[in-house]
Each structure stands twice: as C-alpha cells, then as structure tokens.
Amino acid sequence: MFSENFEDPFATTIAEQSKQDMIRSPRCLYVEYKNSGIDVQCQVPLYVATKMAPIRRSSFFVPSTDGYARAAMRWIVDESRCTPYWPHSILWDLAHSLPESVVDAWRLRCCLGIRKRGQLKDSRKKE
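Residues numbered from 1 in each chain as written. Predicted model: local features only at pLDDT ≥ 70, side-chain atom pairs only at ≥ 80, totals over all residues. Heavy atoms only, no water.

Novice: Could you clarify how one ought to interpret helix α3 (residues 86–97) in this entry?
Specialist: Since one α-helical turn is 3.6 residues long, residues separated by three or four positions face the same way. The terminal C-alpha atoms of α3 lie 17 Å apart, and with 12 residues this matches the ideal 16 Å at 1.5 Å per residue to within 8%. All of the buried residues along α3 are P87, H88, S89, W92 and A95. (Helix = DSSP H or I, 4+ residues; strand = E, 2+ residues; numbered from the N terminus. Expected span 1.5 Å × (residues − 1). Buried < 20%, exposed > 50% of the residue type's maximum accessible area, 1.4 Å probe, protein only.)

Novice: Would you take a moment to explain the side chain of H88 for this structure?
Specialist: Along the chain, H88 turns up in helix α3. Taking the relative accessible area as the measure of exposure, H88 reaches 0% and is therefore buried. Within polar-contact distance, the side chain of H88 engages the backbone oxygen of Y47 at 3.2 Å. A distance of 3.0 Å separates the side chain of H88 from the backbone oxygen of F61, its partner in a polar contact. (Polar contact = N/O pair within 3.5 Å; in protein donor to acceptor, adjacent residues only side chain to side chain.)

Novice: For this particular structure, what's the right way to read the pattern of salt bridges?
Specialist: Where charged atoms of side chains with opposite charge meet at close range, the side chains can pair. Within this structure, the stated rule accounts for 2 salt bridges. The shortest N-O distance in the salt bridge between K34 and D39 comes to 3.0 Å. Accessibility expressed as a relative area gives 28% for K34, which makes it partly exposed. What makes D39 partly exposed here is its relative accessible area of 48%. (Salt bridge = Lys/Arg side-chain N within 4 Å of Asp/Glu carboxyl O.)

Novice: Looking at this structure, how should I read a nonpolar patch on the surface?
Specialist: Among the surface-exposed residues, F60, F61, W86 and I90 lie close enough to one another that they form a single nonpolar patch of about 390 Å² accessible area. Summarising the element assignment, W86 is placed in helix α3. (Patch = residues over 30% accessible without salt bridge, like charges linked within 9 Å, V, L, I, M, F, W, Y side chains within 5 Å. Areas by Shrake-Rupley, 256 points an atom, 1.4 Å probe, with all protein chains shown as cover.)

Encoded structure:
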C-alpha cells in the first residue's frame, strides 16, 4: 500500500498544489534527520468525508474521519510517505496506470460537477 509517485493527478486548485508541496517537505525532513534517529512520515489521503469536503458521506473509497484515523494509526511505520487507507492506494495505482488524457478528462468532469453543486448551493443561499 505504498506508491512512490505521490504527484496527485487530481490536484487542480492552488490549495491542492500546496498540498503537493506539503507532501514533498516531509520527505526532505526524513532524509535530513533519518541518521539522527528522527523519523518523519507523510500520510497521503485522497478524499475523507468531512464537513469541509465536497463529499460528506463515507463510502468504501471515502472513509469517515474516524475510519481514516484508525487506518493512519495502524500505518505508523518506517516509511517517509504512505497511503494508509488501502482503498486510496488502489485509486492511486489506477490513476497512475491510465493514460494522462483519461485521468485529465475524468478529473475535469468531477471538478465541474463539484463546481456546479457549489454554485447551486450559493444560488439557494441568495434566494
């Protein structure tokens, strides 16, 4: 359940790109402090159902916060990066095995759907 390449094929916003920087930073700390006996680990999720996420109900591929926390606690090991929730590992591997154009088209469709739902929600608030 570990993928070497954690460049998120789903990253489309500035916030998501910032998340990519946060994935790279612990790797640098891991390399720098490993010989001093200090381990640094970055656990990389995909979606987790929270009040802030566009997906609020948990499912097989979208764990609840408690479900993800349980998986994360079990995965504290000597690795600099990991994906502790195993269904997320499946999605990472699938995304990296498909042609980039297929992933881009799927990502665009998903993001446009999220945007449309957000716009509908905003228009209902104004009424």
